[in-house]
Amino acid sequence: LPLPIVDCDVHEEILETDVVEYLPRAWRDFLGAGDATLRHINTNSVYPRGAMYSINPFGYYRKDALPADGGPAGSSPELMLEQLIEPFSVDAVILTGGDGLYMSALTNPYFAAEVTRAVNDVRKDRWLAVDPRFKGSISLAVQVPEWAAEEIRRLADNPAFVQICLSTNPHAHPFGHPVYDAIHRACAETGRPFAVHSLGDGIAGSNASHTASGNPSLYSEYHGGAVQGMMSHVMSFMFHGVFERYPDLKLVILEPGGVGWIAPFLHRLDANFKGLHREVPWCKRMPSDYFRRNIRVATQPYDHERPSEPLVEALDALGAEDFLVFSSDYPHWDTDSPTRTLSVLPKHWRDKVAHRNAAEMFSLDIPVPA
Amino acid sequence: MDAQTAHPAPEPIGACRLDELEEGRPRCIRLPNGRQVALVRAGASVRAFSMRCPHRGGPLYKGRICYGLRSDSPGDMTLDESRMVINCPWHNWEFSLCSGESKFDPAKRIAVYPTDVVDGVVRVHYGAGRPTPRTPVVQS
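Residues numbered from 1 in each chain as written. Chains lettered and ligands numbered in written order. Predicted model: local features only at pLDDT ≥ 70, side-chain atom pairs only at ≥ 80, totals over all residues. Heavy atoms only, no water.

**Student:** Would you mind showing me how to read the pattern of salt bridges here?
**Tutor:** Between side chains of opposite charge, a pair can form when the charged atoms approach closely. Residues and elements named next belong to chain A. Scanning the model with the defined rule gives 26 salt bridges over all chains in all. Across the pair Arg292 and Asp289 runs a salt bridge whose closest N-O atoms are separated by 3.0 Å. Residue Arg292 and its partner Asp289 are located together in helix α11 (residues 287-294), separated by 3 residues, close to a single helical turn. Taking the relative accessible area as the measure of exposure, Arg292 reaches 30% and is therefore partly exposed. A network of salt bridges, in which partner residues are shared, links Asp18, Glu21 and Arg126. (Salt bridge = Lys/Arg side-chain N within 4 Å of Asp/Glu carboxyl O. Helix = DSSP H or I, 4+ residues; strand = E, 2+ residues; numbered from the N terminus. Buried < 20%, exposed > 50% of the residue type's maximum accessible area, 1.4 Å probe, protein only.)

**Student:** What is the right way to read empty space enclosed by the protein from this model?
**Tutor:** The probe, sized like a water molecule, is rolled over the atoms to show the empty space still left. All chains considered together, the criterion is met by 2 cavities of 30 Å³ or more. In this structure, the largest cavity spans a volume of roughly 60 Å³. What lines the largest cavity is simply A:Ala113, A:Thr116, A:Arg117, A:Leu140, A:Ala141, A:Trp147, A:Ala148 and A:Glu151. Of all the elements in the fold, those that place two or more residues in the lining of the largest cavity are α4 (109-128) and α5 (145-155) of chain A. As for the second largest cavity, its lining consists of A:His277, A:Arg278, A:Pro281, B:Leu69, B:Arg83, B:Glu94 and B:Lys103. (1 Å grid on protein atoms, 1.4 Å probe; cavity = no way out; pocket = protein on both sides within 12 Å on 5 of 7 lines; lining within 4 Å. Points joined across faces, edges and corners; volume = space filled by probe spheres on them.)

**Student:** Whenever I open this one, the sheet that holds strand β5 (residues 64-70) of chain B confuses me. Can you help?
**Tutor:** All names here are of chain B. One open sheet holds the 3 strands; their spatial order is β5-β6-β7, and the pairing between them is antiparallel. Strand pairing shows two members of the sheet lacking a second neighbour, β5 and β7 (94-96), which therefore form its edges. Looking at each pair of strands side by side, their axes are set apart by 55° on average, direction ignored. Pairing geometry for β5 and strand β6 (residues 78-87), over 7 bridges, is antiparallel. Opposite Cys66, over in β6, you have Val85 as the bridge partner. (Pairing = 2+ DSSP bridges. Axes fitted to C-alpha atoms, helices over the stretch in contact; angles between N-to-C directions.)

**Student:** Before we go on, may I ask you to explain the sheet that holds strand β4 (residues 161-166) of chain A in this structure?
**Tutor:** Paired through their backbone hydrogen bonds, the strands of a sheet run either parallel or antiparallel. Residues and elements named next belong to chain A. Taken in spatial order, the 8 strands line up as β1-β2-β3-β4-β5-β6-β7-β8 in an open sheet, and their pairing is parallel. This sheet does not close on itself; its edge strands, each paired only once, are β1 (6-10) and β8 (324-325). Docked against the sheet, α4 engages β2 (92-95), β3 (134-139) and β4, running at close to 175° with respect to β3. Along the sheet face, helix α8 (residues 226-239) touches β5 (194-197), β6 (251-254) and β7 (295-298) and points at about 175° away from the line of β6. (Contact = heavy atoms within 4.5 Å.)

**Student:** I would appreciate a short explanation of the packing of α8(A) against helix α10 (residues 262-276) of chain A in the present structure.
**Tutor:** Helices that pack against each other are described as a pair by the angle of their axes relative to one another and the distance between those axes. Residues and elements named next belong to chain A. At a closest axis distance of 12 Å, the pairing of α8 and α10 adopts a crossing angle of 35°. Both α8 and α10 take part in a crossing whose hand is right-handed. Of the residues in α10, those in contact with Met231, Val234, Met235, Met238 and Phe239 of α8 are Phe265, Leu266, Leu269 and Phe273. (Left-handed = near helix turned anticlockwise from the far one by under 90°.)

**Student:** Honestly, the interface of chain B and chain A in this entry has me stumped. Any pointers?
**Tutor:** How big an interface is tends to be expressed through the accessible area that disappears when the partners come together. Across the boundary between the two partners, chain B contributes 22 residues, which contact 17 residues of chain A. Here chain B meets chain A over a buried area of about 1600 Å², counting both sides, of which 59% is carbon and sulfur. Between chain B and chain A we count 2 salt bridges in total. Across the pair B:Asp105 and A:Lys274 runs a salt bridge whose closest N-O atoms are separated by 3.4 Å. In this structure, the connection of chain B to chain A is made through 4 residue pairs in polar contact (both at pLDDT 80 or more). If you list the elements that add at least two residues to the side of chain B that touches chain A, you get β5 and β6 of chain B. (Buried area = accessible area lost by both parts, 1.4 Å probe. Polar contact = N/O pair within 3.5 Å; in protein donor to acceptor, adjacent residues only side chain to side chain.)

**Student:** Help me understand unusual backbone geometry in this model?
**Tutor:** Excluding glycine, residues mostly have negative phi values, and the peptide bonds linking residues are mostly trans. Residues and elements named next belong to chain A. That bond from Gln300 to Pro301 is cis: its omega, -5°, falls within 30 degrees of zero. Inspection of the secondary structure puts Pro301 in the loop between β7 and α12 (310-318). For the peptide bond that leads from Tyr330 to Pro331, omega is 0°, which places it in the cis range. Mapped onto the elements of the fold, Pro331 is located in the loop between β8 and α13 (338-344). Not every positive phi belongs to a glycine, and Asp329 is a case in point at roughly 65°.

Given below as structure tokens:
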């Protein structure tokens, strides 16, 4: 496909050993790593442990994406260039992090804030500086939202950090709740979209459950239920009036459990809102209007084969070409290739979904062929 | 006669005595022309409107009369005493008693009729209102 491509969900893995190297000495000592041998890292980790309470018997990564140096998939910028960026002529990838997505589950908020700064600085030095096509997310630990807002402002002058990205919820409220207002405001003031990646709700150390009726015990439940958390975050942003308070703020939902659920979900919210708006009189628009104006949805996993499928036609009727953004989810096991996804979209969606919507949202200068 | 095509004469029709109406509490009244309307007293004046909701046909005359709400920011709400509304008892749809409009679905509206009170008798200018479709059309 001769289209520019912006890939909005790519997982780079920031190694613990690199994070430890960037921590202040006192916190390295706190980890038992003061002697620089990092011997104790496996027991005193910078990332929350026990986070995955279910096992995918095939693992979580593409087997062909494991670097030759033995590191985890996504840990090599060179391999990412070789497997994703060069062969598909990708113009920009938005790096969303790996284990760094879950730092809000660390129980020690002071340590979490230090780890967050280190993760973001490693990303800046070892990824964003390597190739201009790498664009970064500002990872956050939101145990103390005001500290997270400070971290956004610390990095706001660097245009290579194009959004913030969260996954884990430590306050038992979805991310539109006013407890997170300091983060909403910092995003709005610095022009950074607020991205939420699924599958971090309810992990160990979080104060939410992954699915509405409790935490799953099997990976099939965990992965298949990703949409529940996404629905909760979307409703929370709409009905708490985040988009009234910050009309230009964008919420980006990543790996949202497919996209086929969106039309029936919005139909329900619109129908309900007509009878319930007295509860939330600050909401001046219909839920589906907020969705189109303020929310962007990453395509992966794109479960559809052709534009004539009823769920795709329902999305088309909603104007999905204006709110979908392409994503591959490289290097995870269920990755979508750019050519496959873009070639099965309705033709009139392709240009916007491949690059225009993302370029506009992230203020990226993507050259478009004449 | 079909309510959607009817063009009754706009002469006022006596409906009931003012003192038969309770403040803020709607009643369904059958007019001498056979039509039914909801009437509610607001001080010395009376509002007349469709008795059925255009959403799902709920009995508007059993709904709640209240003021509209204003809000300038999340968490803020103030009663708008310049705007009186009826909330349908089924699904809570809300219609202005001035314009008949639904706030979030302009395609759905109720008929509202001018009234006056002469010698203690409430008169409804029935033909001056916009009729409500007899068969509700459900469309979100």
